[in-house]
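# Architecture at a glance
Letter by letter, the chains look like this.
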Amino acid sequence: MSSERRRTECVCINLRRMSRVVSQIYDDALAPAGLKITQFCLLRAIERLGPASVGALADDQELDRTTLTRNLALLERDGLIEQSPGADKRMSVAQLTRAGNAAIARALPHWEGVQKELRRTLGAETLAQLSYIHAKISGVAKASAS
């Protein structure tokens, strides 16, 4: 398929295409560590937040709870996290296991390599524009959810 036929003015399609390409770059880089970028991001969020509720993780990762719960179940199945009831029994809290910490340590150099390469390729100005675009789109999403 020619790139001409793939062009579209649809913001959603263009952002989804970009997201898939970027995710694949990270997935390829993290493959030697046995992780996907979605797993790595969740593990790093739990590492950063400490034992975290599903709600806190959903907010942090801007994910719906259903998707997050499914992803956490896979991490738990693989022994990378453990989930336990929170102070409120209706709430679940996720925390890293030793295997989860080890997975982060294995993957981090691969992730850092991709980060460095993409930062170099895109440059500071483009990265700042991407952050700005994210903030604008998040604002639209929050306004439409109200």
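Here is what the cut-offs are and how they apply
Residues numbered from 1 in each chain as written. Predicted model: local features only at pLDDT ≥ 70, side-chain atom pairs only at ≥ 80, totals over all residues. Heavy atoms only, no water. Helix = DSSP H or I, 4+ residues; strand = E, 2+ residues; numbered from the N terminus. Buried < 20%, exposed > 50% of the residue type's maximum accessible area, 1.4 Å probe, protein only. Contact = heavy atoms within 4.5 Å. Areas by Shrake-Rupley, 256 points an atom, 1.4 Å probe, with all protein chains shown as cover. Pairing = 2+ DSSP bridges. Phe/Tyr/Trp six-rings, centres within 6.5 Å; stacked < 30°, edge-to-face > 60°. Lys NZ or Arg CZ within 6 Å of the ring centre and 35° of its normal. Axes fitted to C-alpha atoms, helices over the stretch in contact; angles between N-to-C directions. Parallel < 35°, antiparallel > 145°, perpendicular 65-115°, else oblique. Nonpolar A, V, L, I, M, F, W, Y, C, P; charged D, E, K, R; others polar.

Here the focus is the overall build of the chain. Across its full length, the chain holds six helices and three strands. When the helices and strands of the chain are listed from N to C terminus, the series reads α-α-α-β-α-α-β-β-α. Dimensions of the chain along its principal axes, counting C-alpha atoms only, are 50 × 40 × 30 Å. Taking all 146 residues of the chain together, 27% fall into the buried category. In the chain, the proportion of contacts linking residues at least 24 apart, taken out of those at least 6 apart, comes to 47%. When the accessible area of the chain is evaluated, it comes to approximately 10000 Å², of which 56% is carbon and sulfur surface.

With that settled, the discussion passes to the sheet that holds strand β2 (residues 81–85). Strand order in the open sheet made by the three strands is β1-β3-β2, with antiparallel pairing throughout. A single partner strand is all that each edge strand has here, and the edge strands are β1 (52–53) and β2.

This brings us to the packing of aromatic side chains. What describes a pair of aromatic rings is the distance from one ring centre to the other and the angle between the planes of the rings. Across all of its chains, the model carries one aromatic pair by this definition. For the cation-ring pair, arginine 44 lies above tryptophan 111, with the distance from its terminal atom to the ring centre recorded as 5.5 Å.

It is worth spelling out the pairing of β2 at this point. Across five bridges, β2 lies against strand β3 (residues 92–96) in antiparallel orientation. Each residue of the ladder has a partner; that of proline 85, found in β3, is serine 92.

With that settled, consider the packing of helix α3 (residues 37–49) against helix α5 (residues 65–77). Packing of α3 against α5 leaves a shortest axis separation of 11 Å and a crossing angle of 90°. When the axis of α3 is compared with that of α5, the two are roughly perpendicular. Of the residues in α5, those touching α3 at Gln39, Leu42, Leu43 and Ile46 are Leu68, Asn71, Leu72 and Leu75. A breakdown of the residues in the contact of α3 with α5 according to their chemical character gives six nonpolar, two polar and no charged.

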